[in-house]
Amino acid sequence: PMVTQNQVLGVIFIFRGYPGIFSSNDRNILSSFANQAAIAVRNAQLYSTVTRNKQHLDTILDSAADGILIIGPNQVIRRSNPAFSMMISLPLEEIQGKLHEEIVKFERLTHDTKLEDAIAGGWPLTPHAQLYVEGDLIRKDYPSLPVGITYAPVLSPDNILLNIIATVRDITRFR
């Protein structure tokens, strides 16, 4: 049997062309091989699951009407969706890999404080400590755009900041 983590993933049948029974050494080698095969099958299943989940996440991010940013703990933008790219009038390549403060600049801040100031002040204190910032976002070659940005931290079980998910909403019609 191919067993990993107390779960049977399959069975390997061994046939040989000569008579006789398997020795204990043969059984040990075959058991070791079956265990390694089970680990390989389980890893392939996990990889397939991760790949499928990534495709789902990419589809959700790319089809969202609001701008979405995934920001690292060093405040570098790891991922941006097309909606944010259109809002700010910059191609995705010019957004990703840049510091948040280089891309998200306000002409006028009307609500709360900027992300950088909040982080400097100790934000986030809890996994559910969302930050809301509202202001006029500076755009290249276009007038500024009124936006509301909600920042949500992603923390490890040890409360270490892993990422920040930013949702950017055009609030022109609300104003």
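(A) Region of the structure containing the side chain of S85. Among the secondary structure elements, S85 is positioned in helix α2 (residues 82-88). Taking the relative accessible area as the measure of exposure, S85 reaches 11% and is therefore buried. Here L90 takes part through its backbone oxygen, which lies 2.4 Å from a polar atom of the side chain of S85. Non-local contacts of S85, meaning those with residues more than four positions away in its chain, are made with S80, L90, P91, L92 and I95.

(B) Summary view of unusual backbone geometry. Omega for the bond connecting W123 with P124 falls within 30 degrees of zero, at -5 degrees, which places this linkage in the cis form. Along the chain, P124 falls in the loop between α5 (115-120) and β6 (131-139). The phi dihedral of N6 falls on the positive side, at around 60 degrees, and the residue is not glycine. The topology assignment puts N6 in the loop between β1 (2-4) and β2 (7-10). Of the residues examined, N6 reaches a relative accessible area of 82% and is grouped as exposed. Not every positive phi belongs to a glycine, and S89 is a case in point at roughly 60 degrees. Within the secondary structure, S89 sits in the loop between α2 and α3 (92-95).

Reading the values: the criteria
Residues numbered from 1 in each chain as written. Predicted model: local features only at pLDDT ≥ 70, side-chain atom pairs only at ≥ 80, totals over all residues. Heavy atoms only, no water. Helix = DSSP H or I, 4+ residues; strand = E, 2+ residues; numbered from the N terminus. Buried < 20%, exposed > 50% of the residue type's maximum accessible area, 1.4 Å probe, protein only. Polar contact = N/O pair within 3.5 Å; in protein donor to acceptor, adjacent residues only side chain to side chain. Contact = heavy atoms within 4.5 Å.

What is shown is where atoms sit, not what they do.
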